[in-house]
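# Structural description and commentary
Single-letter residue listing:
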Amino acid sequence: MSRLPGDDAKGGDAPPVLRYDGRRLAPVRHLPVREVPVALTVNGVALATLIASPHDLHFLVAGFLRMQGLVRSAGDLLTLSVCEEFGSAMARIRGDVPDRITPTFTSGCGAGISFHVPGSGGRPVQLPSAGTSVSPESLFSAMDALARASEAYRGSGGIHSAGAWDGERLLLFAEDIGRHNTIDRIAGEAFLGGVDLAGRILVASGRVSSEMAAKAGSLGISVIASRTSPTDLAVKICGELGITLVGYVRGRRFNVYTHPARIAAVAAERIPGVTGVILAGGRSGRMGSDKALLPYQGGRFIEAIHRRMEELFDEVIVATGETARYDFLPCRRVTDLYTGMGALGGIHAALRASGSEKVFVVACDMPYLAPDLIRHLCSLTEEADVVVPEGEGGIEPLHAVYRKGVLPALEDALRSGQCRVVSFFDRVRVRRVPFAEVERIDPALRAFRNINTPEEYYRFRDGE
């Protein structure tokens, strides 16, 4: 196996955690949740290894003995000692330990119970190669696919899901009340179906524990990605097995705990001299509620658009009639100076507040942003005050670039009560980008699609 960054870590130092912020990987301070193996000996008999969080382990051991039927009252537990440092617990109980105990295998949530210590030495491991890199977009797509599959199959809440991703689609999907069980289900389906999981990405909805890491290693998984955090022992095992471990995959960000060389995070430069503007606060009459606040990808609809805009522009502004409604967004919010004038009032407010000479404007119900098209529009402003693309139905003034130089003409239109965005176009230099030119950059013509009805929202949310 070729060497990966982090392989040279000396001693007990934890490898650095790198945070992908939508542009680049950078070190952050983050400690994974701890889990510890505790080898339990009862009356001199090695009984089990408990994998659990390290607090109140004496309660855990006592409860385990009770649930196994070995003690019925506190008086049956004669002595109990726990040593976290050495990962051991010793108990003496009234009566004998049976020669054979039928174990109860838990779902793996909380204090998962196992009769071996998960780790690189605990089972045969097929080491993944250091080879193929994984893009952030692939991880985001994998997690989105897992969320869609979960919504399609789930009948009730409180259940874990996992899937095997090949870079383009989910090969396998499983759900269970226990996160460890989802890995077993995937392994079983792959085994019976002849699916080779070597080099694949394992995506999971729950916390990545040591046992999950060890099971993934035995399957040859090269990357584990989860919506939440791994435990410290899982980090250690993935580091030893050469698995890239990724946590907190949410929105457009994630943490990388081991072997970051597989993550091909090439940061695209933001567009200089242009402020990104999101127009929000419309009536949403056909939707029946504020479109910007609809749930999407674990957050709100407008948050997904903001993340995309943040990747493209150094400054992002939300123009709205009600700034408090969007105070959860980490950007400036400006209110209309000319109220009741619709999108034109929002463009005016954004131009006034912008720290840049130019603004790119998009409506909050247009989520299919095409970065290449936006960059192209912003590059055409040298001899134009407005750069507006043509769609199938005509020009798209709510997906366009405006210079501050249009303010006098725009304000004249507002003062005269004209609220159509194009009402001042005849008084400024407008560059129309032909439909054919747009189509070459965005062949699917998704950039101008907006979400106006519940049916359109559901199709967008479900990835259609």
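Now for a look at the structure at hand.

## Some details on the overall build of the protein
Each helix and strand counted, the protein has eleven helices and 23 strands in total. Counting the 464 residues in the protein, one finds 48% classified as buried. Pairs at least 24 residues apart make up 61% of the contacts formed inside the protein by residues separated by at least 6 positions. Accessible area of the protein: about 22000 Å², with a carbon and sulfur share of 50%.

## Here's the deal with the packing of helix 4 (residues 210-218) against helix 5 (residues 232-241)
Two elements in contact, helix 4 and helix 5, have axes whose closest approach is 7 Å; the angle formed by their N-to-C orientations is 20°. Between helix 4 and helix 5, the crossing angle belongs to the class labelled roughly parallel. At the point where helix 4 passes helix 5, the crossing takes the right-handed sense. Across from S210, A213, A214 and G217 in helix 4, the residues of helix 5 making contact are L233, A234, I237, C238 and L241. Class assignment of the residues belonging to the contact of helix 4 with helix 5 gives a composition of seven nonpolar, two polar and no charged.

## A few points about the packing of helix 3 (residues 179-193) against helix 4
Axis separation between helix 3 and helix 4 bottoms out at 9 Å; the angle between their running directions is 10°. The angle between the axes of helix 3 and helix 4 places the two elements in the roughly parallel class. Listed contacts from helix 4 to R179, H180, I183 and D184 of helix 3 are E211, M212 and K215. Looking at the contact of helix 3 with helix 4 residue by residue, the class counts come to two nonpolar, one polar and four charged.

## As for the pattern of salt bridges
Enumeration over the complete set of coordinates arrives at 13 salt bridges. Between E211 and K215 there is a salt bridge; the shortest N-O distance is 3.5 Å. In this pair, E211 and K215 both sit in helix 4, four residues apart, roughly one turn of the helix. Look at E211 and you get buried, because its relative accessible area is 13%. A salt bridge links R253 to E310; the nearest nitrogen and oxygen atoms lie 2.9 Å apart. A residue pair is termed long-range when its members are at least 10 positions apart, and R253 in strand 13 (residues 253-258) and E310 in helix 6 (residues 301-312) qualify at 57 residues. Among the residues examined, R253 registers a relative accessible area of 24% and is labelled partly exposed. The partly exposed category is assigned to E310, whose relative accessible area is 21%.

## Examining helix 8 (residues 371-378)
Where helix 8 is concerned, the buried positions are L373, I374, L377 and C378. Across the axial projection of helix 8, the buried residues extend over an arc of 135°, all falling on one side.

## Side note on helix 4
The buried fraction of helix 4 amounts to eight of the nine residues, a majority that puts the element mostly inside the structure. Of the residues making up helix 4, those classed as buried are S210, E211, M212, A213, A214, K215, A216 and G217. Once helix 4 finishes, G220 follows within two positions and takes phi at roughly 80°, a positive value.

## Things to note about the packing of aromatic side chains
Scanning the entire structure with this criterion turns up six aromatic pairs. An angle of 85° between the planes, with centres 5.2 Å apart, marks the rings of F424 and F425 as edge-to-face. Judged by its relative accessible area of 0%, F424 falls in the buried class. Residue F425 is classed as buried on the basis of its relative accessible area, which comes to 11%. Site record: aromatic cluster; members linked through ring pairs are Y402, F424 and F425.

## A word on the environment of V61
Tracing the backbone through its elements, the reader meets V61 in helix 1 (residues 57-67). The spacing of V61 and V82 is 21 residues in sequence and 8.8 Å in space, taken between C-alpha atoms. Apart from residues no more than four positions distant in its own chain, V61 is found in contact with L40, L50, L80 and A89.

## Describing the side chain of D385
Within the fold, D385 resides in the loop between helix 8 and strand 20 (386-391). Overall, D385 belongs to the buried group, its relative accessible area being 13%. Once residues lying within four places of it in the same chain are set aside, the contact partners of D385 are V401, Y402, R403, V406, V428 and R429.

## Focus: the sheet that holds strand 9 (residues 170-176)
Judged by pairing direction, the sheet is mixed, and its eight strands sit side by side in the order 2-1-13-12-11-10-8-9 without closing on themselves. Only two strands of the sheet have a single neighbouring strand rather than two, namely strand 2 (25-28) and strand 9. On average, adjacent strands in this sheet sit at an angle of 25° to one another, irrespective of strand direction. Bridging between strand 10 (residues 201-204) and strand 11 (residues 223-226) involves four bridges; their strand directions are parallel. In the strand pairing of strand 11, I201 is matched with V223. Against the sheet, helix 3 contacts strand 8 (160-165), strand 9 and strand 10, and its axis sits at roughly 140° relative to strand 9. Sitting on the sheet, helix 5 is in contact with strand 11, strand 12 (244-250) and strand 13, with an inclination near 65° to strand 13.

Thresholds applied
- Residues numbered from 1 in each chain as written.
- Predicted model: local features only at pLDDT ≥ 70, side-chain atom pairs only at ≥ 80, totals over all residues.
- Heavy atoms only, no water.
- Helix = DSSP H or I, 4+ residues; strand = E, 2+ residues; numbered from the N terminus.
- Buried < 20%, exposed > 50% of the residue type's maximum accessible area, 1.4 Å probe, protein only.
- Contact = heavy atoms within 4.5 Å.
- Areas by Shrake-Rupley, 256 points an atom, 1.4 Å probe, with all protein chains shown as cover.
- Axes fitted to C-alpha atoms, helices over the stretch in contact; angles between N-to-C directions.
- Parallel < 35°, antiparallel > 145°, perpendicular 65-115°, else oblique.
- Left-handed = near helix turned anticlockwise from the far one by under 90°.
- Nonpolar A, V, L, I, M, F, W, Y, C, P; charged D, E, K, R; others polar.
- Salt bridge = Lys/Arg side-chain N within 4 Å of Asp/Glu carboxyl O.
- Arc of directions from axis to C-beta.
- Phe/Tyr/Trp six-rings, centres within 6.5 Å; stacked < 30°, edge-to-face > 60°.
- Pairing = 2+ DSSP bridges.

In short, shape yes, function no, at least from these values alone.
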